[in-house]
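# Observations on chain architecture
Listed below are the residues making up each chain.
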Amino acid sequence: MPLGQTANRVRLARVAEGLTQTELATRVGVTRQTIGLVEAGGYNPTLSLCLRIAKATGKTLDELFWVEGEE
Amino acid sequence: MLFQKIIPDERTRASAQLAAALWLGVTQVLLAGVLLYRLYVLGQPDEQLRDFQAVLAISIFGYLFLVAYFGGVLPVPTWKGAILMYMVLVSLITVISVAIHGWPAPEDWKSTWLPGLAGPAILIGAYTLALRFGYWRTERRIRSITDRGH
């Protein structure tokens with residue numbers, strides 16, 4: 001079975017926490033552009049970065065990331 | 001401050017790896033172009049281009065061997081597979097060389113048959129070793145991490 005595209009709610013979670021992309025990027029130790037691309041679905045983050053984003057936004061991995069069609 | 005501090009992250013590192021791989025390919029193609037130009041347009045003798053040829057060969061085969069080694073998952077060829085690869089390579093080299101230079105004189109075996117027969121054997125042997133060592137390295141890493149209780 002081919003893998004579907006990954007999707008995420010990072011933008012929603014970040015806005016809900018009242019964070020800018022730059023602030024979230026600083027908290028998780030990446031560049032603002034990386035956060036922008038993750039939010040836009042243009043970059044698949046590593047598990048390590050997913051976990052750091054989840055921790056910084058107070059969400060679980062399941063709430064933030066999923067595979068299209070398996071939600 | 002003239003420049004803001006840039007924090008390299010996983011994406012920028014991946015981009016740098018992609019850029020390096022792409023530019024390595026471009027460099028190899030350019031070097032091959034220079035070799036062909038010097039050989040067939042400027043008519044320079046083959047012996048004067050040995051250094052360029054060595055650099056290009058080391059670059060291409062070194063890259064392939066490292067990919068095989070660090071990947072550690074490529075199928076390691078069986079004896080039959082390796083022999084088949086050897087036969088195909090030798091046949092290709094023979095057909096192309098004979099088509100360009102004609103059948104070699106028996107006394108020239110050191111510069112014709114020897115590299116044509118030994119070269120592919122060395123390449124396939126080294127490639128198989130790179131695959132095998134890469135496979136062992138990856139399996140050893142998995143065991144070592146598993147043994148630590150993760």
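To be clear, the structure that these remarks concern was listed above.
Every residue gets a number counted from 1 within its own chain, in the order that chain's sequence is written. Think of it this way: whatever chain is written first is A, whatever ligand is written first is 1, and the rest follow in order. Residue-level local features of this predicted model are given only where pLDDT is at least 70; pairs of side-chain atoms are given and counted only at 80 or more, and the full residue set underlies all totals for whole chains, interfaces and linings. Only hydrogens and water are removed before side-chain values are computed, so all heavy atoms of the structure are retained for them.

## Quick look at the packing of aromatic side chains
All names here are of chain B. Any Phe, Tyr or Trp ring, taking Trp's six-membered ring, that has another such ring centre within 6.5 Å forms a pair; planes under 30 degrees apart are called stacked, those over 60 apart edge-to-face, and the others tilted. A complete count under the given rule lists five aromatic pairs over all chains for this structure. On the numbers, 5.4 Å between centres and 65° between planes, the contact of Trp 103 with Trp 113 is edge-to-face. A residue pair is termed long-range when its members are at least 10 positions apart, and Trp 103 in the loop between helix H3 (79-101) and helix H4 (113-147) and Trp 113 in helix H4 qualify at 10 residues. To sort residues, take the accessible area from a 1.4 Å probe on protein chains only and compare it with the maximum for the residue type: under 20% means buried, over 50% means exposed, and anything in between is partly exposed. The class of Trp 103 is exposed, set by a relative accessible area of 62%. Judged by relative accessible area, which is 29%, Trp 113 ranks as partly exposed. Between Phe 133 and Trp 136, the aromatic rings sit 5.5 Å apart at their centres with planes inclined by 70°, giving edge-to-face as the arrangement. Taken together, the residues span about one helical turn, with Phe 133 and Trp 136 both in helix H4 at a distance of three residues. Clustering of aromatic rings is evident, with ring pairs tying together Phe 61, Phe 65 and Tyr 127. Strands are runs of DSSP state E lasting at least 2 residues, helices are runs of H or I lasting at least 4, and numbering of each runs from the N terminus.

## A closer look at a nonpolar patch on the surface
Residues and elements named next belong to chain B. Here the term patch refers to residues with relative accessible area over 30% and no salt bridge, with like charges joined within 9 Å and nonpolar side chains (Val, Leu, Ile, Met, Phe, Trp, Tyr) within 5 Å. Per-residue and other accessible areas follow the Shrake-Rupley method at a 1.4 Å probe size, with only the shown protein chains counted as cover for residues. Salt bridge, as applied in this entry: a Lys or Arg side-chain nitrogen positioned within 4 Å of an Asp or Glu carboxyl oxygen. Taken together, the side chains of Leu 36, Tyr 37, Tyr 40, Val 41, Leu 42, Leu 84, Val 88, Leu 92, Val 95, Ile 96 and Ile 100 present a nonpolar region at the surface, about 1,100 Å² in accessible area. At the level of elements, helix H1 (10-41) and H3 are the ones that each hand at least two residues to the nonpolar patch. Per-element accounting of the nonpolar patch gives the leading share, six residues, to H3. As for its placement among the helices and strands, Leu 92 is situated in helix H3.

Spatial relationships are all this shows, so hold off on functional conclusions.
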